[in-house]
Every structure is written in structure tokens, then in C-alpha cells.
Amino acid sequence: MIPARGYQTLVSGGFFAKLGPFSIQLQPELVWAENKPFETFRPEEKTPGQRAAYNAFHSVIDFPESFPGQPYKKAFWGQSSIRLTFGPISAGISSENLWWGPGIHNALLMTNSAAGFNHGTINSVRPIGSFIGSFEGQIVGGKLESSNSPFEVGKRNDWRYFSGIVLSYQPRWVPGLFLGGTRSFLIYNLDISSGFVGNFPVFEPNTKTNKYGADGSVKPDDQRISVFARWVLPKDHFEAYFEFGHEDGNYNTRDFLVQIDHTRAYILGFRKLFNLNQADKSYIAFNFEMTQLEQNMMDKDRAAAYFYSHGQIPQGYTNQGQMLGAGIGPGSNMQTTSLTWGKGLKSIGVQIERYVHNNDLYYQFSKDPRGHWVDISLAALGQWDYKHFLLSSKFVLIRSLNYEYNFQTIPADSTQYWAPGTDIYNFQGSLSISYLF
């Protein structure tokens, strides 16, 4: 689905069939959005410096605020795949969404925020045991497409090749601990080299000194890397997790050791379940998660790219105009807290969320602490099953403080120093119905 005003629907359905090692899943998706106009960035109301910063941001990423077409209509292959599976290993072609890492609300490299892209995959379908523990993983190579929005004008007209890998390891000696890493690599189709590493550039050395030729030249590319950990304590019904990532590679090992925080992003979270009734297996679940994509103070002395963007690949880390990673987008931060009652497939809960829009861009606009664009939201969550039907819902009330960074500066000596900017309210509701065979 897309960021849009008005009614929007996603319809999906299909079938799954298996014969020996061969399996096929056909589950296309159709998105229809009313896509009414809504207020976005207004260049005529901004200073020349603000307009320049906004245009510079969109010159390095394909991440439009709104999508063309009223209504918006598009069909996707959705969660479809054709596979051959032998033991714990499966290989095939797919358009399914991928989620890499332990995050629940966000992940740094792969989420379901954007539409799934066509890709080849080799992946485990269950843990692969060894004398030191078990392993899981996936290697993919696929095609990323542009949004064809007005911000695409002037950018290179060539699709991007995505190469990615995720590995997870569970040590034999520490039950419940999972350690892993992810890496992704973007390069334009016409720049793909021959050979194994050319077709799987994700296996290239991470440091730049190992990539550049004698003349310092290199084909345009962009990479990201992250490490993660998850510790599950089943008896205590508790888990904690984190993911720490870098935008682009370090120049060399010394660069990494001296400035490990350069171009960093991270996710931290934990979840705790409290049993209410052993007989009916009802419970209360509490979850907290924070995502930090805004660059840190190192950016003051050493310029850092927006996370998910790079000047060499100006479409950025996107597919069809939406983020492959955390959907909040570059320079943004989020804190999410939820409390849920559940029993079987039934659950009712509330969620409070604070979403800071692209602080990296705001600091190009202004350093006034009163003008950040921050969404505060309260959501009611519900899921209920009845016979073969499963009904899921989410209703969200959002208060946007300083919407679109619209804030009228007031002199510091004014008694109304924290006077409000342009604050608006927004309501979003979603309803999903599934039929369980």
C-alpha cells in the first residue's frame, strides 16, 4: 500500500501446490487507492535554503511524499514463488516480501514496507545443525524499480540490481541466543560485471581500499551492512534484541575502529509476556522498540549520507518509491510501546508511538529546537477469529506537531517561546479479513 489520503484497499489471494521437491505459490496483490490530494512540502512558503535542502534530499533518493494517479491502481505478483526444496535448503524465484533481523516494528535492511521485488533466492527452510550450533540464512539477487514520480527526472534511467545476504547463528552452548548479520549491495544493471563476485557483489570486501582500482575509479554502487542479536528466555517469557548497521562501507579497518559510529543506525527492543490463565492460555504482552536513523554528531565534522541514500545510486534504497528498510525513511526516529491482551488468535491492545520525521533534513533547514516535525499517535489494535474468518483491525489517531516542518519562529525572549506551530490531526483506520481453510 502507499501513503495516500482517502480509501485504500489491498486484495490478495491464491493457492499453494507441492509435488516432491517442487512447490509453487501464486498469491498476487492488487492495490487500489482513492489517492486524494493532501498537503505536502510547499516550496513557495520556504526560504531558498530550505528549498535547496529539500531538492538535494530528493536528488539522492526515490522517496516521494505522494504518488501520481487518481485513483492509484497497481497489480503486483505479491507473495508468489516457485521453488525446489531439498532437505533444509530451498532455491527458486520469488516476489515475496523479506524481513531480515529481529525487529518487530522496523528492521534496518529488509522489511515489508515496499512492494516485494522479483528475485532469485537460496535460503534455509529450517535451522541447519552442526557441532557448534545451528545456522539459518538467505542469499538473494533481484531487480529494483523506480516510482516514475516527478523526482525521477534527471536520474539515471536504468534498473538497479539488488544483491543481499542474511546469516543467523544459534550457539549450542547458549540456548535462546541468536547472532546474525545482513549485507545488501546495489548496482545499476549496466554496471554488473562478469564472474561470481560480479553477479553477487555482496561478497565483495567491505572496505573501500580493497575495491578501488589503481586509478581510484570504481563503478557506482551502494552498500549497507548490519549485525544483530536476539536473546529469548522461554521460561521467563522474555526477549531482548538489537540491530546495529552502517550506511556504506568504511575506507579501511582503521576507519572502522576510529569512527565506528559514522553513518550508523540502530534498533533496540524487548518484549515480555505475562501469563494470566494457564487453563485458557490467555496472556498480556508488553513490547517496546526504538529505531534511530538520524545521524549523530560525527556528521558535523565528516559529512554522512542520509541512511538509505547515496549520491552514486540516486534512487536510493527503495523499490517503486518505498523503503526496502525501515518505512519511516532516512533521518527519522521512532519509539513504539504496545500493550496487548491475547488468547489463541484473539487479541486486543493499545499502541503509543512517537515518530520524528527526517531530522537530518530538518537540520539542513534550521537548528531551532521548536520546529521538528513529530507525530504522536495512539492506536487501538484488535484481532478476532470466528469459524473460518480472521478479522484484524487498527485505528490510529495522530497529532502531527509542526506538520511539514511548518513553524513560525518567535523571538527567544518571547513569553510564548513554545508556542505551537502548524499542528494537525489525522485519523487512519485499517480492516483486514482473511479466510482460513
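Only a predicted model underlies this, so the values are computations on that prediction, with no experimental measurement involved.

### Digging into the overall build of the chain
Within the chain, the secondary structure is distributed over 4 helices and 23 strands. Radius of gyration (C-alpha) of the chain: 23 Å, near the 22 Å computed for a compact globule of 437 residues. Principal axes of the C-alpha set define a box for the chain whose edges measure 70 × 65 × 45 Å. Sequence-distant contacts in the chain: of pairs separated by 6 or more residues, those separated by 24 or more amount to 65%.

### Regarding a nonpolar patch on the surface
A surface patch of nonpolar side chains, amounting to about 960 Å² of accessible area, comprises Ile348, Trp384, Phe389, Leu391, Leu431, Ile433, Tyr435 and Phe437. Secondary-structure elements contributing two or more residues to the nonpolar patch are strand S22 (389-401) and strand S23 (424-435). The biggest single contributor to the nonpolar patch is S23, with 3 residues. Mapped onto the elements of the fold, Leu431 is located in strand S23. Relative accessible area serves as the criterion here: at 61%, Leu431 is assigned to the exposed category.

### Notes on the nonpolar core
Counting residues in each nonpolar core, the largest one holds 41 residues, and the members touching the most others are Met110, Phe162, Leu293, Tyr308, Tyr317, Leu361 and Phe365. Those elements giving two or more residues to this core turn out to be helix H1 (48-58), strand S10 (133-144), strand S11 (160-171), strand S12 (177-188), strand S15 (264-277) and helix H4 (359-365). Not counting the four nearest positions on each side in its chain, Phe162 is found in contact with Met110, Phe117, Val140, Gly141, Gly142, Leu144, Ser184, Phe185, Leu186, Tyr317 and Leu324. Residues Ile2, Val31, Ala33 and Ala115 belong to the second largest nonpolar core, which totals 7 residues.

### Concerning the pattern of salt bridges
By the definition in use, this model includes 12 salt bridges. The salt bridge partner of Arg156 is Asp158, with a shortest N-O separation of 3.8 Å. In this structure Arg156 comes out as partly exposed when scored by relative accessible area, which is 31%. In this structure, Asp191 and Arg156 form a salt bridge, with 3.0 Å as the shortest nitrogen-oxygen distance. Within this pair, whereas Asp191 is found in the loop between S12 and helix H2 (196-199), its partner Arg156 is found in the loop between S10 and S11, the two being separated by 35 residues in sequence. Each of Arg156, Asp158 and Asp191 takes part in one network of salt bridges that share partners.

### Focus on H1
If you check which residues of H1 are buried, you get Gln50, Ala53, Tyr54, Phe57 and His58. Looking straight down H1, one finds its buried side chains confined to an arc of 130 degrees; they lie on one side.

### Quick notes on unusual backbone geometry
Omega for the bond connecting Gln70 with Pro71 falls within 30 degrees of zero, at 0 degrees, which places this linkage in the cis form. Secondary-structure assignment places Pro71 in the loop between H1 and strand S5 (72-76). The backbone of Lys387 sits at a positive phi, close to 55 degrees, despite the residue not being glycine. Mapping Lys387 onto the fold places it in the loop between strand S21 (374-386) and S22. Lys387 gets classed as exposed once you look at its relative accessible area, which sits at 69%.

### Comments concerning the pairing of strand S19 (residues 333-343)
Where strand S16 (residues 282-292) lies against S19, 10 bridges are found, and the strand directions are antiparallel. Considered in S19, the bridge of Glu289 is made with Thr336. One ladder, built from 11 bridges, connects S19 with strand S20 (residues 346-356); its direction is antiparallel. Bridge pairing links Gly342 to Ser347 in S20. Joining the antiparallel neighbours S19 and S20 is a turn of 2 residues, in which Gly344 adopts a positive phi near 65 degrees.

### Observations concerning the side chain of Asp62
Mapping Asp62 onto the fold places it in the loop between H1 and S5. Although Asp62 lies buried, it forms no salt bridge, and the closest oppositely charged side chain, Arg160, sits 5.0 Å away as judged by the N-O distance. Excluding anything up to four places from it in sequence, Asp62 contacts Ser146, Ser147, Ser149, Glu152, Lys155, Pro314, Gln315, Gly316, Thr318, Gly321 and Gln322.

### Side note on the pairing of S16
Two elements, S15 and S16, share 11 bridges in a ladder whose sense is antiparallel. The partner of Phe274 across the bridge, within S16, is Ile284. Hairpin connection between S15 and S16: a loop of 4 residues separates the two successive antiparallel strands, and Lys281 in this loop has a positive phi of roughly 60 degrees.

### Here we look at the packing of aromatic side chains
Overall, the coordinates contain 24 aromatic pairs when judged by the stated rule. Look at Tyr435 and Phe437: their rings are 5.0 Å apart centre to centre, the planes differ by 75 degrees, and that puts the pair in the edge-to-face class. One aromatic cluster is present, formed by Phe41, Tyr54, Tyr362, Tyr363, Phe365, Trp373, Tyr403 and Tyr405 through successive ring pairs. Its end group placed over the ring of Phe274, Lys272 keeps NZ or CZ at 5.4 Å from the ring centre. The side chain of Lys346 reaches across the aromatic face of Trp384, ending 5.4 Å from its centre.

### A word on the side chain of Gln351
As for its position among the elements, Gln351 is in strand S20. Once residues within four sequence positions are removed from consideration, Gln351 is found in contact with His105, Thr336, Thr337, Ser338, Ser377, Leu378, Ala379, Leu381 and Lys394.

Rules used throughout
Residues numbered from 1 in each chain as written. Predicted model: local features only at pLDDT ≥ 70, side-chain atom pairs only at ≥ 80, totals over all residues. Heavy atoms only, no water. Helix = DSSP H or I, 4+ residues; strand = E, 2+ residues; numbered from the N terminus. Rg over C-alpha atoms; globule rule 2.2 N^0.38 Å. Contact = heavy atoms within 4.5 Å. Patch = residues over 30% accessible without salt bridge, like charges linked within 9 Å, V, L, I, M, F, W, Y side chains within 5 Å. Areas by Shrake-Rupley, 256 points an atom, 1.4 Å probe, with all protein chains shown as cover. Salt bridge = Lys/Arg side-chain N within 4 Å of Asp/Glu carboxyl O. Buried < 20%, exposed > 50% of the residue type's maximum accessible area, 1.4 Å probe, protein only. Core = buried A, V, L, I, M, F, W, Y, C linked by side-chain atoms within 4.5 Å. Arc of directions from axis to C-beta. Pairing = 2+ DSSP bridges. Lys, Arg positive; Asp, Glu negative; His and termini not counted. Phe/Tyr/Trp six-rings, centres within 6.5 Å; stacked < 30°, edge-to-face > 60°. Lys NZ or Arg CZ within 6 Å of the ring centre and 35° of its normal.

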